[in-house]
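Geometric and topological summary
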Amino acid sequence: MEKDTQNGTQVTAENNADGGQSVKGKWRKPLNIALSCVCLAIAAFLVFVLLWIAIDKLVNKSPVPSLFGYSFLTVQTGSMAGTIDEGDLIIITKTKDYRVGDIICFLPDGDKIPTTHRIIRINDGNYFTKGDANNAADPNPIKVENILGEVTSVVPHVGLFFGWVANDFGWIYIVGIVLIVVIGVVLIKKIPAGESRE
């Protein structure tokens, strides 16, 4: 209680200008909303990507699933070392015109694993390829229908992460991290905003 000396009345002083709510409490609601939006956006994006890839693989029968015309592959050998190293992530897309010097990803007849090599010669619709680090050219020419796409980008070493996720049960850790984040968001929402009294 404080006494107003001018008019002799007593007034009650508020602890805070915001009705007693602490600064921490003020930021809790916007933080909850932001975290919820981020989690929802990530979850929605992951679901969309998984559905898109599943449709491309199962309905369109694509040998390599793509997203908006782009496919992401991990290089598993050193045949292009110096240009594309083992463990790099490559991004490929279909084009209408392949030329000598282009690095292409192709699936030879009977193979299930794509190969990524450079075009060194074109003759009568046949594409002859060679790995930059190989001493000899590939023995068989490639038909255009076997070409999956041209390499448009290389992301160094990122493919190692995807290989770890796919082959070494890394996906379990990813799921665990997502669960921890979701539980954290739920717990933050459950904690009531505290009030400060002086």
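Now for a description of the structure that goes with this document. (Residues numbered from 1 in each chain as written. Predicted model: local features only at pLDDT ≥ 70, side-chain atom pairs only at ≥ 80, totals over all residues. Heavy atoms only, no water.)

**Things to note about the overall build of the protein chain**
Scanning the protein chain for helices and strands turns up three helices and nine strands. Its helices and strands in sequence order give the protein chain the pattern β-β-α-β-β-β-β-β-β-β-α-α, from N to C terminus. Taking all 198 residues of the protein chain together, the buried fraction comes to 27%. For the protein chain, long-range pairs separated by at least 24 residues make up 48% of all intrachain contacts whose partners lie at least 6 apart in sequence. When the accessible area of the protein chain is evaluated, it comes to approximately 13,800 Å², of which 63% is carbon and sulfur surface. (Helix = DSSP H or I, 4+ residues; strand = E, 2+ residues; numbered from the N terminus. Buried < 20%, exposed > 50% of the residue type's maximum accessible area, 1.4 Å probe, protein only. Contact = heavy atoms within 4.5 Å. Areas by Shrake-Rupley, 256 points an atom, 1.4 Å probe, with all protein chains shown as cover.)

**Looking at a nonpolar patch on the surface**
Among the surface-exposed residues, Phe 48, Trp 52, Phe 68, Tyr 70 and Phe 72 lie close enough to one another that they form a single nonpolar patch of about 520 Å² accessible area. Those elements that provide at least two residues to the nonpolar patch are α1 (23–58) and β3 (70–74). You can see Phe 48 is positioned in helix α1. (Patch = residues over 30% accessible without salt bridge, like charges linked within 9 Å, V, L, I, M, F, W, Y side chains within 5 Å. Salt bridge = Lys/Arg side-chain N within 4 Å of Asp/Glu carboxyl O.)

**Comments concerning the nonpolar core**
Within the largest apolar cluster, twelve residues are counted, these being Val 64, Leu 73, Val 75, Met 80, Ile 84, Ile 90, Ile 92, Ile 103, Cys 105, Leu 107, Leu 148 and Val 151. Elements supplying a minimum of two residues to this core: β4 (89–93), β5 (103–106) and β9 (147–155). Setting aside residues no more than four positions away along its own chain, Ile 92 makes contact with Gly 69, Tyr 70, Ser 71, Leu 73, Cys 105, Leu 148, Gly 149, Glu 150, Val 151 and Thr 152. Of all hydrophobic cores here, the second largest spans seven residues; its members include Phe 106, Ile 119, Tyr 127 and Ile 147. (Core = buried A, V, L, I, M, F, W, Y, C linked by side-chain atoms within 4.5 Å.)

**Some words on unusual backbone geometry**
With a phi angle near 55°, Asp 124 is a residue other than glycine that sits in the positive phi range. Within the secondary structure, Asp 124 sits in the loop between β6 (115–123) and β7 (126–130).

**Re the pattern of salt bridges**
Considering all chains together, one arrives at two salt bridges under this definition. A salt bridge links Asp 97 to Arg 99; the shortest N-O distance between them is 2.8 Å.

**Looking at the pairing of β3**
Here β3 shows a clear split, with Ser 71 and Leu 73 buried on one side and none of Tyr 70, Phe 72 and Thr 74 buried on the other. Relative to β4, β3 is paired through five bridges, and the arrangement is antiparallel. In the sheet register, Thr 74 faces β4, and the bridge partner there is Leu 89. (Pairing = 2+ DSSP bridges.)

**Describing the sheet that holds β5**
In space, the seven strands of this open sheet follow the order β3-β4-β9-β5-β6-β7-β8, with antiparallel pairing throughout. Whereas interior strands pair on both sides, the edge strands pair on one side only; in this sheet they are β3 and β8 (142–143). The pairing of β4 with β9 spans five bridges and is classified as antiparallel. By the bridge assignment for β9, Ile 92 is matched with Val 151.

Keep in mind that these numbers describe shape and distance, not what the molecule does.
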